[in-house]
Amino acid sequence: MHGDTPPLPIEQRELRAADIDAVRDQLGREPSTPFLVVTRCAGGHPLVIRNAPLDAEGHPFPTTYWLSCPLAVKAVARVESEGWIATLNERMQDDEAFDASVEAAHQAYATDRATDLPAAAGWAKSWGGVAGTRTGVKCLHAHYAYHLAGGADPIGAWVAERVEPVHPDAPTQRVAAIDQGTNSIRLLVVDGAGTELARDMVITRLGQGVDRTGRLDPDALARTVDVLAVYCRRARALGADRIRVAATSAVRDAENRDVFEAAVLRHAGTALEVITGEQEAALSFLGATHGLEPADGPFLVQDIGGGSTEFVTGAAPSLAEHAISTQMGSVRLTERHIAHDPPTTDELAELFEAANQILTQVERDVPLAPTRTFVAVAGTATTVQAINLGLDRYDPDLIHRSWLRVSDAERVLDELAVMTDAQRAAIPVMVPGRGDVIIAGAVILVATMRRFGLARAMVSESDILDGLALEMLDG
């Protein structure tokens, strides 16, 4: 799923401090293993968590997906108390197709777990599949949790039919947005009240080599479609009645994008939206400025992607007025200008020169003055800010709409530029697959702030993905 880049340990990945407290309260004890929040209930509290494969003492912890919401736990317990585990195991003995589908879920579960710990790859060995069993049905809670996380689990889907809605008063309108970028694929599921039910991101590098070949690489395409399938299943399990998939620079530029379009139609049930650079900019502006105070305008939003960077301005929140999409992204500039690890002084100079050439075009085509608030969105800015804040774990609540001074951005860039890719990848807040392109992204950010005299940036977790969802809710 992650290509050649091993994922960070779960204990170093994204987790809000508020979620640690919430899960502690839900369990009534301290969690025995590091975890991530995968899905949420309508109130925003954790519903399913993903556990690390080893507990705090280093012992195997085979239940990867854990149902944490107390109401959901009680609902499934009622089903279990009716003796359905024995009945389902009997069905597996009599129904070959059903048996095969459950066994496939066990194997997929174990393969999923092994992305966190390759030593656990042997699904038929002692680690087992769902809830740690190698065959049959052991725990309905674990199957339901896997279903909600996006697993193709027939037992989990069967449980869902008997326990949902867990929160009957929750908003029934639910939508899902998937943003397919050059470097990453991201998911957001929200309900009609705007509550986040799931937010996820995996770097699959779909745009790898597109700048050079003009085509989507088969391996990059395969690993991206694998994640897309999981995201679509997760969205439907959470009740999304529409899944909107939008693609940006890499797919826009690829001759063979029809292959990805077919995969989107197959999994999402909707046609892929290959959005223009100007649409991308407007959506980023909507997501980045929604809810800000009008008095803080005019706004300039910058969205640094893997293949392109968008600049968009507007006097009021949510309403873009001028926009430009440039062929300047962290992956594209890395592939064009960096050949050494760490990059040489000359290569850094080339990066700045390339960025400044593009910024000359931006300055000519987009009226940037006056700008009262500069908002930087997407992974480059949020990662630079996480490093600047010295976080030992990525906490979006600490990053969202915090201020990054240009001097701090320059300092972080200087620190990253002398590290090797392996050293950058080991930074706790560095998402797998970003370490080798973060320097080019940081150069774009710093060059922009210098060029336009921007003393600081508001770093936003909300961006094009949120814009896609907001449009669906408003429509």
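A. Broad picture of the overall build of the chain. A count of helices and strands for the chain gives 19 helices and 14 strands. Relative to the 2.2 N^0.38 estimate, which gives 23 Å for 475 residues, the radius of gyration of the chain is 23 Å and therefore close to what a compact globule would have. A burial count over the chain gives 57% of its 475 residues as buried. Contacts in the chain between residues at least 24 apart in sequence constitute 65% of all its contacts with a sequence separation of at least 6. Split by element, the accessible area of the chain, about 19200 Å² in all, is 51% carbon and sulfur. Distance from the positive charge centre (42 side chains) to the negative charge centre (66 side chains) of the chain: 1 Å.

B. Spatial organisation of the environment of Ala-114. Examined against the element boundaries, Ala-114 turns out to sit in helix H4 (residues 96-114). We classify Ala-114 as buried; its relative accessible area is 14%. As a C-alpha pair, Ala-114 and Trp-127 span 13 residues in sequence and 10.0 Å in three-dimensional space.

C. Up close: the packing of helix H2 (residues 70-81) against helix H6 (residues 154-163). Look at H2 against H6: their axes get within 10 Å of each other, and the N-to-C directions meet at 105°. When the axis of H2 is compared with that of H6, the two are roughly perpendicular. Contact residues: H2 offers Ala-75, Val-76 and Val-79, while H6 offers Trp-158, Val-159, Arg-162 and Val-163.

D. The sheet that holds strand E8 (residues 273-274), seen in detail. Taking strand neighbours across the sheet as the criterion, the 5 strands line up as E6-E5-E4-E7-E8 in an open arrangement whose pairing is mixed. On the outer flanks of this sheet lie strand E6 (196-203) and E8, each paired with one strand and no other. One ladder, built from 2 bridges, connects strand E7 (residues 242-247) with E8; its direction is parallel. In the strand pairing of E8, Ala-247 is matched with Val-274. Its contacts with the sheet put helix H8 (residues 218-237) on strand E4 (174-180), strand E5 (184-191), E6 and E7, and the angle it makes with E5 is roughly 5°.

E. Structural context of unusual backbone geometry. Residue Glu-164 is joined to Pro-165 through a cis peptide bond whose omega torsion reads 5°. Structurally, the position occupied by Pro-165 is in the loop between H6 and E4. With an omega dihedral of 0°, the bond running from Asp-341 to Pro-342 counts as a cis peptide bond. Tracing the chain through its elements places Pro-342 in the loop between helix H12 (330-337) and helix H13 (345-365). For Ser-318, which is not a glycine, the phi torsion comes out positive at approximately 75°. Mapped onto the elements of the fold, Ser-318 is located in the loop between strand E10 (309-314) and strand E11 (322-326). Accessibility expressed as a relative area gives 24% for Ser-318, which makes it partly exposed.

F. Up close: the sheet that holds strand E13 (residues 402-405). Spatial strand order, E11-E10-E9-E12-E14-E13: 6 strands in an open sheet with mixed pairing. Bordering the open sheet on either side are E11 and E13, each of which pairs with just one other strand. Sheet twist, expressed as the mean angle between neighbouring strand axes with direction ignored, is 25°. Two strands pair when backbone bridges link them, and strand E9 (residues 299-304) and strand E12 (residues 373-377) are joined in this way by 5 bridges, in the parallel orientation. Looking across to E12, one finds that Leu-300 is bridged to Phe-374. Contacting E9, E12, E13 and strand E14 (456-460), helix H14 (residues 379-388) crosses the sheet at an angle of about 85° to E13.

G. Representation of the packing of aromatic side chains in the model. Inspection of the entire model under this criterion finds 5 aromatic pairs. Plain terms: the ring middles of Tyr-109 and Tyr-146 are 4.8 Å apart, the flat faces sit at 85° to each other, and that makes the pair edge-to-face. Placement of the pair is Tyr-109 in helix H4 and Tyr-146 in helix H5 (residues 140-149), with a sequence separation of 37 residues. In this pair, the class of Tyr-109 matches that of Tyr-146, namely buried. Site record: aromatic cluster; members linked through ring pairs are Tyr-65, Tyr-109 and Tyr-146. Positioned above the aromatic ring of Phe-98, the side-chain terminus of Arg-91 is 3.8 Å from the ring centre.

H. Spotlight on the side chain of Thr-133. The topology assignment puts Thr-133 in the loop between H4 and H5. The class for Thr-133 is buried, based on a relative accessible area of 16%. A polar side-chain atom of Thr-133 sits 2.9 Å from the main-chain carbonyl oxygen of Thr-135. If sequence neighbours within four positions are ignored, Thr-133 has contacts with His-106, Gly-128 and Lys-138.

Thresholds, definitions, all that
- Residues numbered from 1 in each chain as written.
- Predicted model: local features only at pLDDT ≥ 70, side-chain atom pairs only at ≥ 80, totals over all residues.
- Heavy atoms only, no water.
- Helix = DSSP H or I, 4+ residues; strand = E, 2+ residues; numbered from the N terminus.
- Rg over C-alpha atoms; globule rule 2.2 N^0.38 Å.
- Buried < 20%, exposed > 50% of the residue type's maximum accessible area, 1.4 Å probe, protein only.
- Contact = heavy atoms within 4.5 Å.
- Areas by Shrake-Rupley, 256 points an atom, 1.4 Å probe, with all protein chains shown as cover.
- Lys, Arg positive; Asp, Glu negative; His and termini not counted.
- Charge placed at Lys NZ, Arg CZ, Asp CG, Glu CD.
- Axes fitted to C-alpha atoms, helices over the stretch in contact; angles between N-to-C directions.
- Parallel < 35°, antiparallel > 145°, perpendicular 65-115°, else oblique.
- Pairing = 2+ DSSP bridges.
- Phe/Tyr/Trp six-rings, centres within 6.5 Å; stacked < 30°, edge-to-face > 60°.
- Lys NZ or Arg CZ within 6 Å of the ring centre and 35° of its normal.
- Polar contact = N/O pair within 3.5 Å; in protein donor to acceptor, adjacent residues only side chain to side chain.

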